[in-house]
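The primary structure of each chain is shown beneath.
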Amino acid sequence: QLPYRRLLYMNITFLIVLVAGIHSITTVSEVSVKAGSSISIPCLYDSKYINQVKYLCKGYFWSSCSYLVKTNQPSSSGQFLISDDKSQRIFTVTIEDLTHENTGYYWCAVEINKGDDVNKYIYLSVTGGTLSLYAKNQKLTGFNGDNITINCYYTNTGETKWCRLGISCVTRSSGSIDRTKVTISEGAHSVFNVTMSGLRTESSGWYWCAKGDTSMITNTGICSVLCSFNTG
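Residues numbered from 1 in each chain as written. Predicted model: local features only at pLDDT ≥ 70, side-chain atom pairs only at ≥ 80, totals over all residues. Heavy atoms only, no water.

## Remarks on the overall build of the protein chain
Phase 1 of the analysis: When you go through the protein chain residue by residue, the secondary structure sums to 0 helices and 20 strands.
Phase 2 of the analysis: Considering the protein chain as a whole, with its 232 residues, one finds that 47% of them fall into the buried category.
Phase 3 of the analysis: Pairs at least 24 apart in sequence give 60% of the contacts found in the protein chain among residues at least 6 apart. (Helix = DSSP H or I, 4+ residues; strand = E, 2+ residues; numbered from the N terminus. Buried < 20%, exposed > 50% of the residue type's maximum accessible area, 1.4 Å probe, protein only. Contact = heavy atoms within 4.5 Å.)

## Overview of the pairing of strand E7 (residues 80-85)
Phase 1 of the analysis: Note that E7 and strand E8 (residues 90-95) share 6 bridges and pair antiparallel. Paired with Ser83 across the two strands is Thr92, which belongs to E8.
Phase 2 of the analysis: Connecting the antiparallel pair E7 and E8 is a turn made up of 4 residues, with Arg89 showing a positive phi of about 60°. (Pairing = 2+ DSSP bridges.)

## Re the packing of aromatic side chains
Phase 1 of the analysis: Overall, the coordinates contain 11 aromatic pairs when judged by the stated rule.
Phase 2 of the analysis: Look at Trp162 and Tyr207: their rings are 5.6 Å apart centre to centre, the planes differ by 10°, and that puts the pair in the stacked class. Of the two residues, Trp162 sits in strand E14 (residues 160-164) while Tyr207 sits in strand E19 (residues 205-212), which places them 45 residues apart along the sequence.
Phase 3 of the analysis: Residue classification places Tyr207 among the buried positions, given a relative accessible area of 1%.
Phase 4 of the analysis: Grouped by ring-pair contacts, the aromatic residues Tyr55, Tyr60, Phe61, Trp62, Tyr67, Tyr105, Trp107, Tyr121 and Tyr123 constitute a single cluster.
Phase 5 of the analysis: The cationic tip of Lys54 hangs over the ring face of Tyr45; the distance from NZ or CZ to the ring centre is 4.2 Å.
Phase 6 of the analysis: Geometry around Tyr154 places Lys211 over its ring, the cationic atom sitting 4.6 Å from the centre. (Phe/Tyr/Trp six-rings, centres within 6.5 Å; stacked < 30°, edge-to-face > 60°. Lys NZ or Arg CZ within 6 Å of the ring centre and 35° of its normal.)

## With respect to the environment of Lys48
Phase 1 of the analysis: Within the element layout of this structure, Lys48 appears in the loop between strand E4 (39-45) and strand E5 (54-58).
Phase 2 of the analysis: C-alpha of Lys48 to C-alpha of Ser24: the two residues are 24 residues apart in sequence and 9.3 Å apart in space.

## Some thoughts on the environment of Ser29
Phase 1 of the analysis: Relative to the helices and strands, Ser29 is located in strand E3 (residues 25-34).
Phase 2 of the analysis: Residues Ser29 and Tyr121, 92 residues apart in the sequence, show an inter-C-alpha distance of 6.2 Å.

## Some details on the pairing of E14
Phase 1 of the analysis: Judged by how many residues are buried, E14 sits mostly within the fold: 5 of 5 residues are covered.
Phase 2 of the analysis: Burial of E14 is two-sided: the residues Thr160, Trp162 and Arg164 facing one way and the residues Lys161 and Cys163 facing the other way are all buried.
Phase 3 of the analysis: Bridge count between E14 and E19: 5 bridges; the pairing is antiparallel. Residue pairing across strands places Trp162 opposite Cys209, the latter belonging to E19.
Phase 4 of the analysis: Sheet topology note: the E14/strand E15 (residues 169-170) ladder contains 2 bridges and is antiparallel. Residue pairing in the sheet places Cys163 in a bridge with Cys169 of E15.
Phase 5 of the analysis: Between E14 and E15, which pair antiparallel and follow one another directly, the connecting turn spans 4 residues, one of which, Gly166, has a positive phi of 80°.

## Quick word on the state of the cysteines
Phase 1 of the analysis: Within the structure shown, the criterion is met by 4 disulfides.
Phase 2 of the analysis: Residue Cys57 pairs covalently with Cys65 via a disulfide, S to S 2.1 Å. Taking the torsion about the S-S bond as the criterion, the Cys57 to Cys65 disulfide, at about -70°, is left-handed.
Phase 3 of the analysis: Between the sulfur atoms of Cys163 and its disulfide partner Cys169 the distance amounts to 2.0 Å. (Disulfide = S-S within 2.5 Å.)

Set out below in structure tokens:
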């Protein structure tokens, strides 16, 4: 039996991304993932859209994209899953059993009125090659007040960052994000370690670590991490 501590369950999903700017919807603009795996994509939205229907569609042009899954309507194929965390103002789309046919443009969107839906595009690339930045551990479990460490393996060079989607970044060896202490250290064999100290339920959210110039797609390696904490 665990005495006097609230257990926090931490589910982590990794992907290769370039982060888009903050708009009515904030999400990743480019995602690279290996064939045969699954991926979860976060879409952060404005508070005024909390009670609106959210959805994902696919197509080169927004005006002609095809619906894949909606929060009020499940996917007919079962390959696409969607959930809406209204407390965090993030809806998450998961695509399972990825193949090269899944490569293309997708749109995170909020249903307003016909023709007025707010949206943000994502380009998904499914590859069989080596990713420039990745992490082996996809799920971690911790306790309230404890520390966790994420190991990010890279093949490129450049500045190291640890950021929370839509909030702030740590670019030095230490700092804090939303009152959670962050320490970044370089390890051996092309790996850097990110430690989050003093975990709280409020630490839940999407984070991403970067290695390289985030303004240049060709030199960017970004690994996005979903840290979801629930008290037990």
